[in-house]
Structure formats: structure tokens, C-alpha cells
Amino acid sequence: TRTVGGPECGAAVLGLHLEGPFINVAKKGAHPEEHIADFGRGSTSLDATCAASSKALLDISTEEGVHDPTKGTENTSITTAESTPEEARVTSSECIPPISEVLRNTYGDVAIQDHVCIVTLAPEIPGASDAISELRGTGVVVSLGHSRSNLEVASHAITQGATMITHLFNAMSAFHHRDPGIVGLLALPETQKQIFYGVIVDGFHTHPAALQMAYATHASGCVLVTDAMAAMGLPAGTHSLGETTVEVHEDKRATVHGHPDVLAGSAATMDSCVRNFAKMVGLDKALVAATHNPAQLMGIDDTKGQLKPGFDADLVVLDDDCNIQATYIGGKLCFASESHAKTNFFAH
């Protein structure tokens, strides 16, 4: 299981969502370009690697006795069949590693099997189709994002096993009436039932009109996400997002330092996203998008996402304004506001 128990009264980590590194550099957002990778299927970086490998092998074979016309003939007497330049030459096809090896070298066996639950990738990258199948075989949810994919490629990714769109509308080609791109998956009958989509309802990432259009098109696939990074809950100022310096503004908007128009994740909390979305679709529907729909996406809706007998007793108590009053984990009261009566719902 990917569920890792937290402290005695802490949340359980259901798994990691890894965005990248197999994304489109043209839609990298705040991701450092030097860490973006491909699957080793015909990219310029692969060609450079192969060329370097060929040169290295040729250099080695020269040292071992292959005739070098610039150095005379003194070494030709020890030339062997195993060290000829022809057999040392490396072709691009010989350099292409299996997708399973690429994923293992990138994420690690243990991470994929025990910790990672979602991977975001760009479906247009050569090799992505095989990667989707490989990841689904390990139980990982594959999400499409940071991409310039057209609708045809995105639809094929769904047939290979992708089931999610990462932060809809953001870091992807804009909707166009001749090719709606990844966004168009929400409206296609053959993909609509299989796709979930994350939306960041923080007031910055997506206009309310776009959110309402998406929800009206495919309500049952809507999943509220925060896209929050380490600065969530911290005061405005300069913070770190990995190796990237970010600025959290007074209005809680997070941007790349020196690039005020480039959003760098968010500093939003889930309760704030629920409050914002409730103003658009109603509280009951907003809560479903924050609970039941994500549980369905992760395949854990038999134990989480609803208040039903036999389900995990993990719940949040909200007041009429959607402010958190109490948190229960495993039926145990773990947080209570000063105004909330500290009565354990599960004591009896």
C-alpha cells in the first residue's frame, strides 16, 4: 500500500504526485528547464549522448591497439576483432533504453511501487504512450499536463491508461475551436467517463467563467487541488520551491522571483479553494469535488471520500462560512478551534 501512517494524530500520506520531469519545455511553467527530461526517443539530447558514447568507445579501442593513421603503425600488431572501429560504433537505435529502465532510473523502483501515486507527463513526447502503459501497470495514476498536445494525441493517451488532467487550463495549449487540445477531453463521449481533471480555485490560476464551463461540461470528473508549495501558511515574502526562488504576495499569489507574471504553484489551502468553488457551484458540489471525486480518481473510494458505515473516519468540521472548526483522523479529534466544542463524535 502507498498509505504511510503519520504521527499518532497526523494525516496519512496517500502518495506523491510527481509533475515531471517528462514535460514539454514550452509549457514548463516554474519548472527549471535543466531538469526537464525526455524518454530517450530521438531527441537532440539522446543524439548527443549517443555521439559521446561512440567517441568514447572509439577512443578506448584506439588505446587498445586499433590502427590510428596519425600515430603510425606501431600498434597495429595487437589489433583484435573485438576492438575494431566498426564494431565499436554506436547507433542511435542501440542507445535507446527501454521505457521501464528510463522510469526506474528517474523515479526509482521503491518510489514507484511504494510512494508515487500520480505522475504528470506530456503525452506528445516520443515514448510517452509506452510510459503511460508502464506506469499504469504499477498502479500509478497518469495525468496529462505541462503539454502542447493536440486532442488526437491526448485522446490516444487516454486509451493507453491516462485518467487525469493536471491543473486544467494551466501549462497547456489554450482551447481552440479547431483543436481544443487536452481541454477537449472533457467533452468527448469516448473519454469523458474516464477522465478526471484538477482545478486550482485560488482566484489566480483560472477565471471563474472557465471553471464553470468545465464543471458544466463534466462535473463528475472535477477534482479540487491546491497546487500548494512549501510556502503555504507562511507570511508573504521570499520562499523556496525546490531550487526556484518564489515570491508570495500579500494576496497569497505565488510567482517566480523576478517574473511576476509566472505563477509558481500556490499558497492556497484546500478550505479556501472549497470556499471559492462553493460560490460558483454550491457547497454540496464543492465538497464532492474535494472529497468523493479525488477518492474515485485514486481508486480508494471504497474507504474514503464519503461519510458511510465502514469508511475511514477522517473528516473535517466546517462552520457555515466553510471555516475549519475541527479535524478528525481515524475517528480521533486531532484539531479543534477555540469556538468548537471539543466533543469527540466517535466517543460513543
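Residues numbered from 1 in each chain as written. Predicted model: local features only at pLDDT ≥ 70, side-chain atom pairs only at ≥ 80, totals over all residues. Heavy atoms only, no water.

### Let's talk about the overall build of the chain
- Scanning the chain from terminus to terminus reveals 12 helices and 13 strands.
- Taking the contacts inside the chain whose residues are at least 6 apart along the sequence as the reference set, 57% of them involve residues at least 24 apart.
- When the accessible area of the chain is evaluated, it comes to approximately 18,500 Å², of which 55% is carbon and sulfur surface. (Helix = DSSP H or I, 4+ residues; strand = E, 2+ residues; numbered from the N terminus. Contact = heavy atoms within 4.5 Å. Areas by Shrake-Rupley, 256 points an atom, 1.4 Å probe, with all protein chains shown as cover.)

### Side note on the packing of helix α6 (residues 128-137) against helix α7 (residues 151-160)
- Where α6 meets α7, the closest approach of the two axes is 9 Å, and the angle between their N-to-C directions is 30 degrees. Between α6 and α7, the crossing angle belongs to the class labelled roughly parallel. Relative to α7, α6 is oriented so that their crossing is right-handed. The residues of α7 that touch α6, namely those facing S129, I132, S133 and R136, are H156, A157 and Q160. (Axes fitted to C-alpha atoms, helices over the stretch in contact; angles between N-to-C directions. Parallel < 35°, antiparallel > 145°, perpendicular 65-115°, else oblique. Left-handed = near helix turned anticlockwise from the far one by under 90°.)

### A closer look at helix α10 (residues 270-281)
- Taking 1.5 Å per residue, 12 residues should reach 16 Å; α10 reaches 16 Å between its end C-alpha atoms and fits that length.
- Listed as buried for α10 are S272, C273, V274, F277, A278 and V281.
- Phi turns positive one or two residues past the end of α10, at G282, with a value near 105 degrees. (Expected span 1.5 Å × (residues − 1). Buried < 20%, exposed > 50% of the residue type's maximum accessible area, 1.4 Å probe, protein only.)

### Description of the packing of aromatic side chains
- What the rule picks out here adds up to 3 aromatic pairs.
- When the ring of F22 is compared with that of F39, the centres are 4.1 Å apart and the planes differ by 20 degrees; the resulting orientation is stacked. Of this pair, F22 sits in the loop between β1 (16-19) and α1 (44-63) while F39 is found in the loop between β1 and α1, placing the two residues 17 residues apart along the sequence. F39 matches F22 in its accessibility class, with the two residues each being buried.
- Both rings, one in F22 and one in Y107, keep their centres 6.0 Å apart while their planes meet at 85 degrees; by these two values the pair is edge-to-face. (Phe/Tyr/Trp six-rings, centres within 6.5 Å; stacked < 30°, edge-to-face > 60°.)

### Considering helix α9 (residues 208-217)
- Among all positions in α9, only A210, L211, A214 and Y215 are buried. Angular distribution of buried residues about the axis of α9 spans 130 degrees; they occupy a single face of the element. In α9, the exposed positions angled more than 90 degrees off the buried face are occupied by M213 and A216.
- Among the structural elements, β5 (196-200), β6 (222-225), α10 and α11 (283-290) are those in contact with the buried residues of α9. (Arc of directions from axis to C-beta.)

### Overview of the sheet that holds strand β10 (residues 259-263)
- As summarised here, the arrangement of the 4 strands in space is β7-β8-β9-β10, forming an open sheet in which the pairing is antiparallel. At either margin of the open sheet sits one strand with a lone partner, and together these are β7 (237-241) and β10. Averaged over all pairs of adjacent strands, the angle between strand axes in this sheet comes to 50 degrees, irrespective of strand direction.
- One ladder, built from 2 bridges, connects strand β9 (residues 254-256) with β10; its direction is antiparallel. Note on β10: the bridge partner recorded for V256 is H259. (Pairing = 2+ DSSP bridges.)

### So, the confidence of the model for the chain
- Confidence along the chain averages 83 in pLDDT terms, with 80% of residues attaining 70 or more.
- Low confidence marks residues 42-92, where pLDDT is under 50. Its contacts with residues over four positions away, or in another chain, come to 39 contacts. (pLDDT = per-residue confidence, 0-100.)

### A look at the environment of I96
- Relative to the elements of secondary structure, I96 occurs in the loop between α3 (92-95) and α4 (99-107).
- As a C-alpha pair, I96 and F39 span 57 residues in sequence and 8.7 Å in three-dimensional space.

### A short note on the sheet that holds strand β4 (residues 164-165)
- Read across the open sheet, the 6 strands follow the order β1-β2-β3-β4-β5-β6; overall the sheet is parallel. Two strands bound the open sheet, and with one partner strand each, they are β1 and β6.
- Judged from the 4 bridges that link them, β1 and strand β2 (residues 116-121) form a sheet pairing that is parallel. Within β2, the position partnered with E19 by the bridge is T120.

### As for the pattern of salt bridges
- In this structure the tally under the stated criterion is 4 salt bridges.
- Between R275 and D271 there is a salt bridge, with the nearest N and O atoms lying 3.1 Å from each other. Here R275 and its partner D271 are both found in helix α10, 4 residues apart, which amounts to about one turn of the helix.
- The class of R275 is partly exposed, set by a relative accessible area of 23%.
- Taken together, the shared-partner salt bridges in this structure form one network comprising K304, D312 and D314. (Salt bridge = Lys/Arg side-chain N within 4 Å of Asp/Glu carboxyl O.)

### Digging into the pairing of β7
- Summarising the sheet, β7 and strand β8 (residues 244-248) pair through 5 bridges and their orientation is antiparallel. Paired with H239 across the two strands is V246, which belongs to β8.
- Between the end of β7 and the start of β8, which pair antiparallel, lie 2 residues, with G242 showing a positive phi angle near 65 degrees.

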